[in-house]
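Residues per chain are reported as follows:
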Amino acid sequence: MDGRDWRVATFFDALDSVSIGTVLAALSATYGLTSSQAGLLISAGFLGQAIGAIGFGMVSERLGRRPVFLASLVVIGAFALAYALSWNSGSLAAFRFAQG
């Protein structure tokens, strides 16, 4: 992977994080979320990212950055697909947390 590949992967990770804000109004209407529940839904993803950054950072020190980065892309992609299977706001928050 050269430098451009890393930037593209980081772009799609950031796009997934930001896109929840775009669809939040539709999600709130679909699931009947209060503003507190909507905030929890967004916060779950960021909390998962904070924990994942620490955990994957420590693992990358042992295994190297490239394999850990590629593994994180697989996790991000798998849970992005799992969003489509969420049946309520709790499951969506759990998928966002796990993706982080």
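Rules used in this analysis
- Residues numbered from 1 in each chain as written.
- Predicted model: local features only at pLDDT ≥ 70, side-chain atom pairs only at ≥ 80, totals over all residues.
- Heavy atoms only, no water.
- Helix = DSSP H or I, 4+ residues; strand = E, 2+ residues; numbered from the N terminus.
- Buried < 20%, exposed > 50% of the residue type's maximum accessible area, 1.4 Å probe, protein only.
- Phe/Tyr/Trp six-rings, centres within 6.5 Å; stacked < 30°, edge-to-face > 60°.
- Polar contact = N/O pair within 3.5 Å; in protein donor to acceptor, adjacent residues only side chain to side chain.
- Patch = residues over 30% accessible without salt bridge, like charges linked within 9 Å, V, L, I, M, F, W, Y side chains within 5 Å.
- Areas by Shrake-Rupley, 256 points an atom, 1.4 Å probe, with all protein chains shown as cover.
- Salt bridge = Lys/Arg side-chain N within 4 Å of Asp/Glu carboxyl O.

A closer look at the environment of Gly52
Looking at where Gly52 falls in the secondary structure, it is placed in helix 2 (residues 35-63). A relative accessible area of 14% places Gly52 in the buried class. Counting along the chain gives 22 residues from Gly52 to Val74, while the straight-line C-alpha distance between them is 13 Å.

Some remarks on the packing of aromatic side chains
Counting across every chain of the model gives two aromatic pairs. Judged by centre distance (6.3 Å) and plane angle (45°), the ring pair of Phe79 and Phe95 falls under tilted. You can see Phe79 sitting in helix 3 (residues 65-82) and its partner Phe95 sitting in helix 4 (residues 89-99), a full 16 residues away along the chain. Plain terms: the ring middles of Trp87 and Phe95 are 6.2 Å apart, the flat faces sit at 90° to each other, and that makes the pair edge-to-face. Judged by relative accessible area, Phe95 falls into the buried class, the value being 17%. Three or more aromatic residues link up through ring pairs in this structure, and these residues are Phe79, Trp87 and Phe95.

Details of the side chain of Ser72
Position of Ser72 among the secondary structure elements: in helix 3. A polar contact of 2.6 Å, which involves the side chain of Ser72, links it to the backbone oxygen of Phe69.

Side note on a nonpolar patch on the surface
Judged by side-chain polarity, Phe11, Phe12 and Leu15 come together as a nonpolar surface patch covering roughly 320 Å² of accessible area. Note on placement: Phe11 falls in helix 1 (residues 3-31). Looking at Phe11, the relative accessible area reads 48%, which means it is partly exposed.

That's the geometry; what it means functionally is another story.
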